[in-house]
Amino acid sequence: MKFDHIGLFVRDLDEGRERLASLLPIHSWTVPVDDPLIKVRIQFGLDKSGIRYELVAPFGDGNPVERSLAAGVNILNHVAYLASDIDAELRRLRRQRCVPTSAPRPAAAFGGRRVVFLLTPMGFILELVEESATTALTQDGRSNK
């Protein structure tokens, strides 16, 4: 697996972008992406050291963000890794007592590649992003194709 990003829940992408950029040396942002399947709006920011942050905001009823924001928990929501074989990694992590929150599903932010979120025994959320040899993302969120 290869590190991809840190996911942060925010109420609004504009406000989240402004606040994060005031705290960290974010130097570039991707175009926001609406994902009606997962019911979130997403935007990636890259800091000067090459760490990529994903802002995740609500986009419709039943999204995974609003409940966390209301309770003030899981705001620093997940750590994401690219997986060359997402199904094999999912099996391996299940053997390590990680529990998937759903089956892998396509995500608009990753060009339809599948993602899956797992609750780890340590209490944090791990996201696996399916990596494709032809559509892997560069650190700034662009396709390297």
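Here goes a summary of the coordinates provided. In this text the structure is predicted, and so the values were computed from the model without any measurement.

Another aspect to go through is the pattern of salt bridges. Where charged atoms from two side chains of opposite charge approach closely, those side chains can pair. In this structure the tally under the stated criterion is seven salt bridges. Here Asp-4 ties to Arg-52 by a salt bridge, and the two come within 2.5 Å at their closest N and O atoms. A residue pair is termed long-range when its members are at least 10 positions apart, and Asp-4 in strand E1 (residues 2-9) and Arg-52 in strand E5 (residues 52-58) qualify at 48 residues. Each member of the pair, Asp-4 together with Arg-52, is buried. Where Arg-92 meets Glu-89, a salt bridge forms, and the shortest distance between an N and an O atom there is 2.9 Å. In this pair, Arg-92 and Glu-89 are both assigned in helix H3 (residues 86-95), three residues apart and thus about one turn of the helix distant.

Taken as a whole, the largest pocket encloses approximately 400 Å³ of empty space. If you trace the largest pocket, you find 22 residues lining it, with Phe-9, Pro-64, Asn-77, Phe-117 and Ile-125 closest to the centre. Among the elements of the structure, strand E4 (40-47), E5, strand E6 (76-83), strand E9 (114-119) and strand E10 (125-130) are those that each provide at least two residues to the lining of the largest pocket. If one sorts the elements of the lining of the largest pocket by residue count, E9 sits on top with three residues. The residue makeup of the lining of the largest pocket, split by class, is twelve nonpolar, seven polar and three charged. In this model, the second largest pocket occupies a volume close to 240 Å³.

What counts and how
- Residues numbered from 1 in each chain as written.
- Predicted model: local features only at pLDDT ≥ 70, side-chain atom pairs only at ≥ 80, totals over all residues.
- Heavy atoms only, no water.
- Salt bridge = Lys/Arg side-chain N within 4 Å of Asp/Glu carboxyl O.
- Helix = DSSP H or I, 4+ residues; strand = E, 2+ residues; numbered from the N terminus.
- Buried < 20%, exposed > 50% of the residue type's maximum accessible area, 1.4 Å probe, protein only.
- 1 Å grid on protein atoms, 1.4 Å probe; cavity = no way out; pocket = protein on both sides within 12 Å on 5 of 7 lines; lining within 4 Å.
- Points joined across faces, edges and corners; volume = space filled by probe spheres on them.
- Nonpolar A, V, L, I, M, F, W, Y, C, P; charged D, E, K, R; others polar.

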